[in-house]
Every structure is written in C-alpha cells, then in structure tokens.
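# Structural overview
Here are the chains, one letter per residue:
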Amino acid sequence: MKKLFIIFLLVILMIATIAVWSFSYKTSHEEAYVPIANLTETLIIPSEEGVFERSKFALEYSKMPTDIKHQRSLNTYYDNRAFYGAPPSIPHEVEERNMGANSCLKCHENGGFVDKLNAYSPITPHPEKENCRQCHVPQKTKDLFVSTHWSRSKGPSIGNKALMTSPPVIPHQIQLRENCLSCHAGPSAPKEIRTSHPDRINCRQCHVINEKLIKDIGVFTRK
Ligand code: HEC
Ligand code: HEC
Ligand code: HEC
Ligand code: HEC
C-alpha cells in the first residue's frame, strides 16, 4: 500500500513537471507583442497633452502644398502684437455685439482661405477660450494718439541647434503654446517657422525647451 502511494506520487510529480515544462516551452516561442485592439487608451504625459490637440490633421498638413503668394512672415506676425506674447489685434471687421465664440471659430478653429481678406485665417491655439474679444480688440487706427518712447521687445531668435541637422530648441515658453500644430503647420503658419514635418506629431520628443528663460531663484523663504 505504501509503495503504491509513493509510485502514485511520483507519477503525479512527473505529469506536473511535463505540463509545466511544455507550457513554458510553448510560451517561450510566442512573439512578444501587445495586441493593438486591447490598447483602449494611449498613455500621454499630462503636461504634454496639448501637443496632440490637432494631430488628427497632421497627415493633411503634410500633403498641403505651399501657397507662396499668401504666406505670412514672422515680421507681419510680430507687427500685429503690442509686445512679444501680447494678444494680436483683430486686423479685420467683426460682427458687433458678440464676444466671439462661434462667430470667430468658424474661421479660426480650423483655418482656410478667406477671399474677402485675401489671406488664410490663422488657427487659434486656444479655441476653448470662448470670449475672444476679452483679449483681442479690433484695430481702430494705425497711428498713435500721442507719440511715445515705447519700443517693442523682439521675439527670441530661431535656428538655435547643436548641429546642422539637429532639431532646433523651442525658443519660447510652452504655457499657452502647448498646441504646436496650430502655429507651426498649414498655410497660415509664418513661413520661417512652418514645419516640414507636421506628421511627426510628438513634437516634444525631439524639440526641447530652451530653459534659459527660467531663472533659478533658490530656496524661497518668506521674510
Ligand atoms: C470670415 C472669416 C473670419 C472671421 C469670422 C473672423 N476672422 Fe479673424 N482673421 C481672418 C483672416 C483671414 C485673418 C488674417 C488676416 C490677414 O492676415 O490679413 C484673420 C486675422 C485675425 C487675427 C490676427 C492674427 C494674427 O496672428 O495676427 C485675430 C486676432 C483675429 N483674426 C481674431 C478674430 C476674432 C476675435 C474674431 C471674432 C470676433 C474673428 N477673428 C473672426 C478671418 C476671420
Ligand atoms: C485670455 C486672453 C485670450 C482669449 C480669451 C483669446 N485669446 Fe487669442 N491670443 C491670446 C494671446 C495672449 C495670443 C498670443 C499667443 C502667443 O503669441 O503665444 C493669442 C493669439 C491668437 C491668435 C494668433 C495665433 C498665432 O498664429 O499666433 C489667434 C488667431 C487667436 N488668438 C484667436 C482667438 C480666438 C478666435 C479666440 C476666441 C475663441 C481667442 N483668441 C481668445 C489671448 C487670448
Ligand atoms: C502661438 C503660436 C505658437 C505655438 C502654439 C507654438 N509655437 Fe513654436 N514658435 C512660434 C513662433 C512665433 C516662433 C518664433 C520665435 C518666437 O517668436 O517665439 C516659434 C519658434 C519655434 C521653434 C524654433 C524654430 C527654429 O527654426 O529655430 C521651435 C522648434 C518651435 N517653435 C517648436 C514648438 C513646439 C514643439 C510647440 C508645441 C509644444 C510650439 N512651438 C508651439 C509660435 C508658436
Ligand atoms: C523625430 C524628431 C522630430 C520630431 C518628432 C519633430 N521634429 Fe521638428 N525638427 C527635427 C529636426 C531634426 C529638425 C531640423 C531639420 C533640418 O535642419 O533640416 C526640425 C526642425 C523643425 C523646425 C524648423 C523648421 C524646419 O522645418 O526645418 C520647426 C518649426 C519644427 N521642427 C517644429 C516641429 C513641430 C511643430 C513638431 C511636431 C508636430 C516637430 N517639429 C516634430 C526633428 C523633429
């Protein structure tokens, strides 16, 4: 009886060994891959979310031809701003008695050519800020009422890269500029900064911020 029990135990152990070994042998031959269908959400670093806001248009942007006659340049871009980073004034007529929202977004959400103005509408980087005219005001005059000594600060220089073919650094702050494609792609992007590769949607994978603008203030203590 005791013998039979030991033989029975050994047989069970043998079967278990064979089962475990053959299972691990089988799985070691499987390819390492994650089925795409099971990835319900792509994980994005929250602080870099804005980069992907317009990426569904990326392929269209990369196919758009350049309309040389109606390009904007950085000079005209800065001309319309009181100082670097200020909200641009509205260079065209607007419907009175509304704060913006759809009356502006119909042209400024996705851009497009406007015959009447003979220009492409610049795409807004912040379609969610619906009270457009809280910050953007129409131009009433090109002249100043009284002359001043005010001189406009310049934007940071571009073309700052380590090697000839390296990605240039991002010379500006990212706050309120998370939505890269709105300014850097399509026919309304100033020609100097229109990217040749709007389809490489993860911009901040290659372009890093030039941190020099941020000063280290040390450990802050209240006096
Ligand atoms: C019919 C389409 C259309 C509508 C509606 C419209 N815009 Fe525009 N907007 C344009 C075009 C086109 C330009 C470019 C003009 C140019 O470059 O000469 C422009 C330029 C601008 C600019 C200057 C952008 C820059 O970078 O210099 C601002 C600001 C602006 N619009 C704000 C508004 C606001 C606010 C509203 C709503 C009250 C509005 N627009 C409604 C077509 C439109
Ligand atoms: C809280 C203030 C504020 C509100 C509200 C606001 N904007 Fe702006 N807007 C700005 C500032 C500031 C800039 C300049 C951004 C920069 O240079 O980084 C700007 C830039 C723009 C530009 C130029 C983009 C470019 O090419 O540089 C357009 C077009 C524009 N806004 C349209 C709109 C529209 C349309 C609305 C309403 C849906 C709107 N804005 C609401 C502050 C605002
Ligand atoms: C409001 C419009 C706007 C947005 C949004 C924006 N940029 Fe810019 N970018 C500019 C302008 C204008 C310049 C030229 C320098 C300046 O005035 O700051 C520039 C310059 C650059 C340059 C330097 C190009 C060169 O040739 O040296 C890089 C790189 C760049 N931006 C990357 C980005 C990335 C990445 C994002 C998204 C995280 C972004 N930008 C979002 C307007 C914008
Ligand atoms: C795979 C890396 C990579 C990614 C991702 C990438 N870039 Fe670039 N970018 C580069 C390189 C490299 C250059 C320099 C190209 C050259 O000098 O020929 C460059 C140049 C630029 C320039 C200068 C003008 C030009 O096209 O030469 C701008 C503006 C720019 N990138 C914006 C962007 C934006 C906006 C995004 C996201 C939509 C982006 N980049 C994504 C690598 C990248």
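Residues numbered from 1 in each chain as written. Chains lettered and ligands numbered in written order. Predicted model: local features only at pLDDT ≥ 70, side-chain atom pairs only at ≥ 80, totals over all residues. Heavy atoms only, no water.

This part is about the coordination of the iron atom of ligand 4. Every protein donor of the iron atom of ligand 4 is accounted for by His 197 (NE2) and His 207 (NE2), and the metal-donor separations fall at 2.0 Å. Each of the six donor atoms bound to the iron atom of ligand 4 contributes to angles spanning 87 to 179°, and the resulting shape is octahedral. Here His 207 lies in the segment after helix H5 (180-184) and His 197 lies in the segment after H5, a separation of 10 residues in the sequence. (Donors = N, O, S within 2.8 Å, 3.2 Å for Na, K, Ca; no water. Tetrahedral: all angles 85-135°; square planar, octahedral: opposite > 155°, others 65-115°. Helix = DSSP H or I, 4+ residues; strand = E, 2+ residues; numbered from the N terminus.)

This brings us to the packing of aromatic side chains. Counted under the stated rule, the structure contains four aromatic pairs. With a centroid separation of 5.3 Å and 15° between ring planes, the pair formed by Trp 21 and Tyr 25 is classed as stacked. Here Tyr 25 and Trp 21 lie together in helix H1 (residues 2-28), a separation of four residues that amounts to about one turn. A relative accessible area of 56% means that Trp 21 is categorised as exposed. Look at Phe 113 and Tyr 120: their rings are 5.0 Å apart centre to centre, the planes differ by 70°, and that puts the pair in the edge-to-face class. Judged by relative accessible area, Phe 113 falls into the partly exposed class, the value being 34%. Aromatic ring contacts, followed pair by pair, group Tyr 77, Tyr 78 and Tyr 84 into a single cluster. Of note, Arg 81 hangs over the ring of Tyr 77, and the distance from its end group to the ring centre comes to 3.7 Å. (Phe/Tyr/Trp six-rings, centres within 6.5 Å; stacked < 30°, edge-to-face > 60°. Buried < 20%, exposed > 50% of the residue type's maximum accessible area, 1.4 Å probe, protein only. Lys NZ or Arg CZ within 6 Å of the ring centre and 35° of its normal.)

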